[in-house]
Amino acid sequence: KTGLAQISPIGHSEGTIQMIMGVALNPYFFKEKINLFIALAPVASTANISSPIAKMLSPHIKLLEAVIVKGLNYRNWFAPMPKAVHLVDAICGGFLIEDVCKDFFKLLHHQGVDNFERFTVFMSNEPSGQSYRTFVYYAQMINSGRYALYDYGKR
């Protein structure tokens, strides 16, 4: 609680989706509470996402959800692994060449690494954990080509 009548939030990527959807669903609430919204890297569409892994897995999201969530009851996909950074540092700083690590990072994300000395800093937060529904939501938008709310299905 800030005690302020209005705030000026800054959203990045998924945070811009949350604010835009919130304003669309409840404009009067946000009109009173938000002074200014700053959108950094706003998401307008995921139809042309460049991540090969996202493109490959999106058509199979219902199967993944059934196996991982309903079958294994695992809801926090890519949970934090603090010791993984030491492994990445040993591998990428040790016996693997820079290009292999850069290519691996590019598979995980759609951007590459422009400063390899900072690679372990990037990887210190990878994976950071995420609700499975975030992945389902992005897959829904990739598959439909639409910017839309989360689709919970017919029920």
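A quick note: this is a predicted structure, and the numbers were derived from the prediction, not measured.

Draft legend 1. The confidence of the model for the chain, seen in detail. When pLDDT is averaged across the chain, the result is 80; 67% of the residues are at 70 or more. The secondary structure element of the chain with the lowest average pLDDT is helix α5 (residues 84–95), at 61, and the one with the highest is strand β2 (residues 38–40), at 95.

Draft legend 2. Structural view of the packing of aromatic side chains. Counting across every chain of the model gives four aromatic pairs. An angle of 85° between the planes, with centres 5.2 Å apart, marks the rings of F29 and F30 as edge-to-face. Overall, F29 belongs to the partly exposed group, its relative accessible area being 41%. For F30, a relative accessible area of 19% gives the class buried. Consider the rings of Y137 and Y138, whose centres lie 5.9 Å apart with planes at 55°: the pair is tilted. Here Y137 matches Y138 in class, with each residue buried.

Draft legend 3. Examining a nonpolar patch on the surface more closely. A surface patch of nonpolar side chains, about 360 Å² in accessible area, is lined by I10, L36, I38 and L40. As for its placement among the helices and strands, I38 is situated in strand β2. Accessibility expressed as a relative area gives 33% for I38, which makes it partly exposed.

Draft legend 4. The packing of helix α1 (residues 14–25) against helix α8 (residues 132–144), seen in detail. It is the contact of α1 with α8, at a shortest axis distance of 13 Å, that shows an interaxial angle of 80°. On the basis of their axis angle, the class for α1 and α8 is roughly perpendicular. In this structure, α1 contributes E14, I17 and M21 to the contact, and α8 contributes T134, Y137, Y138 and M141. Grouping the amino acids of the contact of α1 with α8 by side-chain chemistry returns five nonpolar, one polar and one charged.

Draft legend 5. Structural context of α1. Taking 1.5 Å per residue, twelve residues should reach 16 Å; α1 reaches 17 Å between its end C-alpha atoms and fits that length. Of all the residues in α1, the buried ones are T16, I17, M19, M21 and G22. In the core, the buried residues of α1 are packed alongside β1 (10–12), α2 (27–33), β2 and α8.

Definitions and limits used
- Residues numbered from 1 in each chain as written.
- Predicted model: local features only at pLDDT ≥ 70, side-chain atom pairs only at ≥ 80, totals over all residues.
- Heavy atoms only, no water.
- pLDDT = per-residue confidence, 0-100.
- Helix = DSSP H or I, 4+ residues; strand = E, 2+ residues; numbered from the N terminus.
- Phe/Tyr/Trp six-rings, centres within 6.5 Å; stacked < 30°, edge-to-face > 60°.
- Buried < 20%, exposed > 50% of the residue type's maximum accessible area, 1.4 Å probe, protein only.
- Patch = residues over 30% accessible without salt bridge, like charges linked within 9 Å, V, L, I, M, F, W, Y side chains within 5 Å.
- Areas by Shrake-Rupley, 256 points an atom, 1.4 Å probe, with all protein chains shown as cover.
- Salt bridge = Lys/Arg side-chain N within 4 Å of Asp/Glu carboxyl O.
- Axes fitted to C-alpha atoms, helices over the stretch in contact; angles between N-to-C directions.
- Parallel < 35°, antiparallel > 145°, perpendicular 65-115°, else oblique.
- Contact = heavy atoms within 4.5 Å.
- Nonpolar A, V, L, I, M, F, W, Y, C, P; charged D, E, K, R; others polar.
- Expected span 1.5 Å × (residues − 1).

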